[in-house]
Amino acid sequence: MIEFRNVKFEYEKGKEVLHDMSFRIEKGESVGLIGANGAGKSTIMKLLLGLLQGEGKVLIDGTEVKKETLGEIRAKLGFVLQNSDNQMFMPTVYEDMIFGPLNYGLSREVVDKRVDEVLARLNLEYLKHRYNHKISGGEKRMGAIATILAMEPAAILMDEPTSALDPYNRRLVINTIRELEQTKLIASHDLDMILDTCDRVILISGGRIAADGPAREILSNKELLEANRMELPLRMQ
Amino acid sequence: MKKGIYRMNKMQKALAELSEMDELAARRSPVHTLHPAAKLLTTIVYILVTLSFDKYDLSGIVPMVLWPVLMFTISGVNVRTCFYKLRIVLPLVMAVGLFNPFFDKEIMVSIGGIGVSGGVISMITLMLKGVFCLMASFLLMATTKIDSLCAALRKLHVPAMLVSLLQLTYRYVGVMTEELAVMTEAYHLRAPGQKGIHISAWGSFLGQLLLRSMDRAQELFSSMMLRGYHEHFHYADIDRFRARDALFMAGCILFFVLLRYGNIAQLIGGLVVY
Ligand SMILES: Nc1ncnc2c1ncn2[C@@H]1O[C@H](COP(=O)(O)OP(=O)(O)OP(=O)(O)O)[C@@H](O)[C@H]1O
Ligand SMILES: [Mg+2]
């Protein structure tokens, strides 16, 4: 479903941040993307979405990500941004939730039903008609996740979905992610969450893949994690 | 402890006010439910008619206040809110005619034996023009959501590029104010007791503000693109243009024409003595 083939990327000339990276994620897989600050996780996500363009090939469902295919590709992907302030741009949570689905041509009734389902699933009914500028950071994050779920994309990309959440909402998000059947790629420093939600982990270090394998294996490798500025998840200690 | 330290800083207040426009616009009233295009066109006609009055036609322009007053009453929007929100632009608009009395000293009318110069009359007329136009624009914004307004503009065949620009500008002004709020707060936390921002920090402050706003605007735009935004306004729920919208427009415009050419003030009985 998602494939990187010898991808290289640099923001500024001569400063490559991803070096010749290749990996494949199959349909239905849940993959955790971990690595120290500045390792390149967000960059990988942006390349997948076609927000950035590098050398090499990025493929979604066998289609190469390039200018002409962006519309088709983006209809398949839902992206939860690292910063929810930039995700929620409509006045209210509800208006934000219907924005995507309506743009993709769904009818108002279908969209309204979806919105209510998603809100009920996340216990967020109370947020529906709240103003985005008057809710807390964590509530906004929950709203952003709801916004993406309402689009029912084929694959979901999440950049730090649990940062800013209180333990209750964090647990709720974890449970929700576990129930999603879609292909998932989740970048996070919250290794316990990764352990709970992902079967496979890709560890990025300085723009290269340092490890790629079953989540339990990588997340129990103390030396590997510590060499990458991480600690064993609490559950593994 | 300094007084008011827990209150929102100025920027945060400005931001809150800006977002409150969305809340005002989301309310319900007979004016709110009118078709956005009807309101937009009527407002434009109102502004044009108001501006078309002769600069000495004080008695003609005064009755123009009737329309905004009527609209405030029906829509339930508070007049005080209007003047409060416009407090920054209002003086600028008022200042336009401020010098007229110095240039134009010829006595035009006398009220109770005191001569009033043409300059004073034209100054007041200009001020009223400005204030009325601002009130009308405010009413439009306070009773119509920006997205519905944009949808209406598209229906009126205004190019998509321009409409997107308007819509994005509206969003980006919010983003910039937000960044400014965060930055001033961060600054004052590290420069306690200082009023304003020290001149030595202005350069980097402005530069940072611009960069940060641009970064955020970029991400925001990406976020819209990622959710299928193509300068289309599917999401704005705008109803069909109904009979009552046409009636509203026709009624208002007739009213304006009457005010403009019927010279109601003179009909009522000459408030001003020539
Ligand atoms: N807009 C940019 N311009 C130049 N360099 C950038 C830009 N964005 C990121 N970088 C650099 O690219 C590298 C990878 O950044 P990226 O944001 O992908 O890291 P990350 O793994 O997501 O980190 P974090 O855990 O902090 O979110 C970093 O070295 C960063 O300094
Ligand atoms: Mg990141």
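Summary of the structure given here. (Residues numbered from 1 in each chain as written. Chains lettered and ligands numbered in written order. Predicted model: local features only at pLDDT ≥ 70, side-chain atom pairs only at ≥ 80, totals over all residues. Heavy atoms only, no water.)

### A look at the overall build of chain B
Now for step 1: Counting secondary structure elements, chain B contains 13 helices and 2 strands.
Now for step 2: Each of the 274 residues in chain B was classed as buried or not, and the buried ones make up 43%.
Now for step 3: A fraction of 77% describes how many contacts in chain B between residues 6 or more apart in sequence connect residues 24 or more apart. (Helix = DSSP H or I, 4+ residues; strand = E, 2+ residues; numbered from the N terminus. Buried < 20%, exposed > 50% of the residue type's maximum accessible area, 1.4 Å probe, protein only. Contact = heavy atoms within 4.5 Å.)

### Some words on the overall build of chain A
Now for step 1: What chain A contains, in helices and strands, is 9 helices and 10 strands.
Now for step 2: The C-alpha radius of gyration computed for chain A amounts to 18 Å, which stays within 12% of the reference 18 Å derived for 237 residues, consistent with globular compactness.
Now for step 3: Expressed as a percentage of the 237 residues in chain A, the buried residues total 59%.
Now for step 4: Relative to all contacts within chain A whose residues are 6 or more apart in sequence, the contacts with residues 24 or more apart total 60%.
Now for step 5: As displayed, chain A offers around 10200 Å² of accessible surface, 46% of which is attributable to carbon and sulfur atoms.
Now for step 6: Across chain A, 32 positive and 36 negative side-chain charges occur, with their mean positions spaced 2 Å apart. (Rg over C-alpha atoms; globule rule 2.2 N^0.38 Å. Areas by Shrake-Rupley, 256 points an atom, 1.4 Å probe, with all protein chains shown as cover. Lys, Arg positive; Asp, Glu negative; His and termini not counted. Charge placed at Lys NZ, Arg CZ, Asp CG, Glu CD.)

### As for the coordination of the magnesium ion (ligand 2)
All names here are of chain A.
Now for step 1: All of the protein donors around the magnesium ion (ligand 2) are Ser42 (OG) and Gln82 (OE1); their distances to the metal are 1.9 to 2.6 Å. Of the two residues, Ser42 is situated in helix 1 (residues 41-48) and Gln82 in the loop between strand 6 (77-80) and helix 3 (93-103); the sequence distance between them amounts to 40 residues.
Now for step 2: Classification of Ser42 by relative accessible area gives partly exposed; the value is 22%. (Donors = N, O, S within 2.8 Å, 3.2 Å for Na, K, Ca; no water.)

### Section: empty space enclosed by the protein
Now for step 1: Using the criterion set out here, one finds 2 cavities of 30 Å³ or more in the structure.
Now for step 2: For the largest cavity, the calculated volume is near 70 Å³.
Now for step 3: Lining of the largest cavity is provided by Val31, Lys39, Thr42, Thr43, Trp67, Met71, Ala136, Leu139, Leu140, Thr143 and Phe248 of chain B.
Now for step 4: Where the lining of the largest cavity is concerned, the elements lending two or more residues are helix 2 (36-52), helix 4 (66-75) and helix 8 (118-143) of chain B.
Now for step 5: Taken together, the residues of the lining of the largest cavity sort by class into 7 nonpolar, 3 polar and 1 charged.
Now for step 6: Taken as a whole, the second largest cavity encloses approximately 40 Å³ of empty space.
Now for step 7: Lining the second largest cavity are Leu77, Gly78, Phe79, Leu81, Gln87, Ile148 and Met151 of chain A together with Ser223, Leu226 and Arg227 of chain B.
Now for step 8: When contributions to the lining of the second largest cavity are tallied by element, the ones reaching two or more residues are strand 6 of chain A together with helix 11 (202-226) of chain B. (1 Å grid on protein atoms, 1.4 Å probe; cavity = no way out; pocket = protein on both sides within 12 Å on 5 of 7 lines; lining within 4 Å. Points joined across faces, edges and corners; volume = space filled by probe spheres on them. Nonpolar A, V, L, I, M, F, W, Y, C, P; charged D, E, K, R; others polar.)

### A word on the sheet that holds strand 3 (residues 30-34) of chain A
Residue and element names in this part refer to chain A.
Now for step 1: Read across the open sheet, the 6 strands follow the order 6-7-8-3-9-10; overall the sheet is mixed. Pairing within the sheet leaves two strands with one partner each, and these edge strands are strand 6 and strand 10 (208-214). Recorded for the sheet is a direction-independent mean angle of 15° between the axes of neighbouring strands.
Now for step 2: Note that strand 7 (residues 155-159) and strand 8 (residues 183-187) share 5 bridges and pair parallel. What sits directly across from Asp159, in strand 8, is Ala187. (Pairing = 2+ DSSP bridges. Axes fitted to C-alpha atoms, helices over the stretch in contact; angles between N-to-C directions.)

### Let's talk about the pattern of salt bridges
Residue and element names in this part refer to chain A.
Now for step 1: This structure, assessed with the given rule, holds 21 salt bridges over all chains.
Now for step 2: In this structure, Lys140 engages Asp85 in a salt bridge whose closest nitrogen and oxygen atoms are separated by 2.5 Å. Placement of Lys140 in helix 5 (residues 137-149) and of Asp85 in the loop between strand 6 and helix 3 is noted, with a sequence separation of 55 residues between them.
Now for step 3: Given a relative accessible area of 13%, Lys140 falls into the buried group. (Salt bridge = Lys/Arg side-chain N within 4 Å of Asp/Glu carboxyl O.)

### As for the sheet that holds strand 2 (residues 15-25) of chain A
All names here are of chain A.
Now for step 1: A sheet is described by the order of its strands in space; here 4 strands give the open sequence 2-1-4-5, paired in antiparallel fashion. Each edge of the open sheet is held by one strand with a lone partner, namely strand 2 and strand 5 (63-64).
Now for step 2: Summarising the sheet, strand 4 (residues 55-60) and strand 5 pair through 2 bridges and their orientation is antiparallel. What sits directly across from Ile60, in strand 5, is Thr63.
Now for step 3: Here helix 1 sits on the sheet in contact with strand 1 (2-12), strand 2 and strand 4, set at roughly 115° to strand 1.

### Structural notes on the site of ligand 1
Residues and elements named next belong to chain A.
Now for step 1: Not every one of the 13 residues close to ligand 1 is listed here, only the nearest: Gly38, Lys41, Ser42, Thr43 and His189.
Now for step 2: Residue Gln82 places a side-chain N or O atom 3.1 Å away from an oxygen atom belonging to ligand 1.
Now for step 3: In this structure, His189 approaches ligand 1 through a side-chain N or O atom, which is 2.8 Å from an oxygen atom.
Now for step 4: In the complex, the protein chains occlude 63% of the 630 Å² of accessible area that ligand 1 would expose alone.
Now for step 5: Top element by residues in the shell around ligand 1 is helix 1. It accounts for 3 residues.
Now for step 6: Partitioning the shell around ligand 1 into residue classes produces 4 nonpolar, 7 polar and 2 charged. (Near = heavy atom within 4 Å. Polar contact = N/O pair within 3.5 Å; in protein donor to acceptor, adjacent residues only side chain to side chain.)

### Brief notes about the interface of chain A and chain B
Now for step 1: If you look at the interface, chain A gives 26 residues, while chain B gives 23 residues.
Now for step 2: Counting each side, the surface lost to burial between chain A and chain B is near 2400 Å², with a carbon and sulfur contribution of 55%.
Now for step 3: At the junction of chain A and chain B, the tally comes to 4 salt bridges.
Now for step 4: Two residues, Lys134 of chain A and Glu23 of chain B, come together in a salt bridge whose shortest N-O distance is 3.0 Å.
Now for step 5: At the junction of chain A with chain B, the criterion picks out 10 residue pairs in polar contact (both at pLDDT 80 or more).
Now for step 6: Of all the secondary-structure elements, those providing two or more residues to the side of chain A that touches chain B are helix 3 and helix 5 of chain A. (Buried area = accessible area lost by both parts, 1.4 Å probe.)

### Re helix 8 of chain B
For an α-helix the count is 3.6 residues per turn, leaving residues at separations of three or four pointing the same way.
Now for step 1: In this model, helix 8 of chain B (26 residues) spans 37 Å end to end at C-alpha, consistent with the 38 Å of a helix rising 1.5 Å per residue.
Now for step 2: Across the 26 residues of helix 8 of chain B, 20 count as buried, placing the element largely inside the fold. (Expected span 1.5 Å × (residues − 1).)

### Considerations on the side chain of Asp245 of chain B
Residue and element names in this part refer to chain B.
Now for step 1: On the secondary structure map, Asp245 appears in helix 12 (residues 243-261).
Now for step 2: When its relative accessible area of 0% is taken as the criterion, Asp245 is described as buried.
Now for step 3: Leave out the neighbours within four places in its chain, and Asp245 touches Leu34, His35, Ala38 and Arg240.

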